[in-house]
Amino acid sequence: MHMPVGDNLEINLLAANQHRADHNREAFDAWRLLSLNVMSSPGAGKTALLERSLPALTGRFRMAVLEGDMTTELDAQRLEAVGIPVVPITTGRACHLDAAMVHGGMQLLRQRLDPSTLDLLWIENVGNLVCPAEFAVGEHLGVALLSVTEGDDKPLKYPVMFRRADVVLITKTDLLPHLPVQVQAIRANILSVNPDAVIFELSAVSGQGFSAWHHWLEQAVQQRQSINESQIRLPC
């Protein structure tokens, strides 16, 4: 029995992307940095998250951002105002970053700094709950955002995204008093598809939950940097 041509093409694309992602991961390991793939639907608050987290963490970590967007550099311009190195990646018609795009972004970043001097690399993906979950970019951790304005059913409708995420950030919690949604239901649905997910409730407006989120990040960075050098393969 033969697979449809479309299925074969999808498998080949994903396999080629995974091969490139593995090389990216080797490079990230060799540079001893922690890489985060930040994913969500459009408007869930990815850039707002970075606008609050980057200034708060600047004194603790050396950071850079690869900023993915389909047609503009507006989000990259917002983050550049924070004073952190930002490389915009415009994807055109593609609704996600892939490993080759991230590799190209890192080549541009290397023209500005030595990646081995970084502690933390943020990769802000294109706003989409489907495609970014399918295409690895070499990240160490996947971070998915879900705003309370999206309702509590998104983890059930888009399980691949939330199953893949290591951390889920429930955002815009300051709006909860104005919405017919319960954060307990959001949590329950996240855990129903990913029992191991670490969950934080955040408000970029009030700052609620960011201290706990940043503390968790600090531990993750320290764990990454504690890996014995003999376990790290140099990139090709």
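Just so you know, these numbers come straight off a predicted model, no measurement behind them.

### Brief notes about the confidence of the model for the protein
One rule of thumb: low pLDDT means the predicted coordinates there are not for detailed reading.
Phase 1: The predicted model of the protein averages 91 in pLDDT, with 92% of residues at 70 or higher.
Phase 2: Contacts of residues 1-5 to residues separated by more than four positions or lying in other chains number two contacts, the stretch itself having pLDDT below 50.
Phase 3: The low-confidence segment residues 232-236, where pLDDT is below 50, has 13 contacts with residues more than four positions distant or belonging to other chains.

### Observations regarding the pairing of strand S3 (residues 86-90)
Phase 1: Pairing analysis gives five bridges linking strand S2 (residues 63-69) to S3, with the strands arranged parallel. Bridging from a neighbouring strand, Val65 pairs with Val86 of S3.

### Let's talk about the packing of helix H2 (residues 46-57) against helix H9 (residues 210-225)
In a pair of packed helices, the angle between the axes and the distance between the axes together describe the arrangement.
Phase 1: For the pair H2 and H9, interaxial distance at closest approach is 11 Å and the crossing angle is 65°. Viewed along their axes, H2 and H9 form a crossing whose handedness is right-handed. Along the contact surface, H2 presents Leu49, Arg52, Ser53, Ala56 and Leu57, while H9 presents Phe210, Trp213, His214 and Leu217.
Phase 2: Its residues assigned to classes, the contact of H2 with H9 comprises six nonpolar, two polar and one charged.

### With respect to the sheet that holds S2
Phase 1: Taken in spatial order, the seven strands make up an open sheet running S3-S2-S4-S1-S5-S6-S7, and their pairing is parallel. Only two strands of the sheet have a single neighbouring strand rather than two, namely S3 and strand S7 (198-201). The average undirected angle you get between the axes of adjacent strands in this sheet is 20°.
Phase 2: Both strand S1 (residues 34-39) and strand S4 (residues 120-124) contribute to a ladder of five bridges, which runs parallel. Opposite Val38, over in S4, you have Glu124 as the bridge partner.
Phase 3: Against the sheet, helix H4 (residues 99-110) makes contact with S2, S3 and S4, and its axis sits at roughly 145° relative to S3, the strand it touches most.

### What to know about the pairing of S4
Phase 1: Burial runs high along S4: five of the five residues are buried.
Phase 2: The side-chain alternation of S4 yields two buried faces, one formed by Leu120, Trp122 and Glu124 and the other by Leu121 and Ile123.
Phase 3: Bridging between S2 and S4 involves five bridges; their strand directions are parallel. Bridging across to S4, Glu67 finds its partner in Glu124.

### Topic: H4
Phase 1: The first and last C-alpha atoms of H4 sit 16 Å apart over 12 residues, in line with the 16 Å expected at 1.5 Å per residue.
Phase 2: For H4, the side-chain oxygen to backbone nitrogen distance between the N-cap and Ala100 is 3.2 Å, and the N-cap itself is Asp98.

### Here we look at the packing of aromatic side chains
Phase 1: In the structure shown here, the tally under the stated rule is five aromatic pairs.
Phase 2: Measuring from ring centre to ring centre gives 6.3 Å for Phe200 and Trp216, while their planes differ by 65°; the resulting arrangement is edge-to-face. Taken together, the residues Phe200 in strand S7 and Trp216 in helix H9 connect sequence positions 16 residues apart.
Phase 3: The buried category is assigned to Phe200, whose relative accessible area is 12%.
Phase 4: Cluster of aromatic residues (ring-pair linked, three or more members): Trp122, Phe200, Trp213 and Trp216.
Phase 5: When the ring centre of Phe210 is taken as reference, the NZ or CZ atom of Arg52 above it lies at 5.7 Å.

### Remarks on H2
Phase 1: For H2, built from 12 residues, the straight-helix expectation of 16 Å at 1.5 Å per residue is met to within 8% by its first-to-last C-alpha distance of 16 Å.
Phase 2: Among the residues of H2, those classed as buried are Lys46, Thr47, Leu49, Leu50, Ser53, Leu54 and Leu57. All buried residues of H2 lie within an arc of 140° about the axis, which places them on one face of the element.

The rules behind each value
- Residues numbered from 1 in each chain as written.
- Predicted model: local features only at pLDDT ≥ 70, side-chain atom pairs only at ≥ 80, totals over all residues.
- Heavy atoms only, no water.
- pLDDT = per-residue confidence, 0-100.
- Contact = heavy atoms within 4.5 Å.
- Pairing = 2+ DSSP bridges.
- Helix = DSSP H or I, 4+ residues; strand = E, 2+ residues; numbered from the N terminus.
- Axes fitted to C-alpha atoms, helices over the stretch in contact; angles between N-to-C directions.
- Left-handed = near helix turned anticlockwise from the far one by under 90°.
- Nonpolar A, V, L, I, M, F, W, Y, C, P; charged D, E, K, R; others polar.
- Buried < 20%, exposed > 50% of the residue type's maximum accessible area, 1.4 Å probe, protein only.
- Expected span 1.5 Å × (residues − 1).
- Polar contact = N/O pair within 3.5 Å; in protein donor to acceptor, adjacent residues only side chain to side chain.
- Phe/Tyr/Trp six-rings, centres within 6.5 Å; stacked < 30°, edge-to-face > 60°.
- Lys NZ or Arg CZ within 6 Å of the ring centre and 35° of its normal.
- Arc of directions from axis to C-beta.

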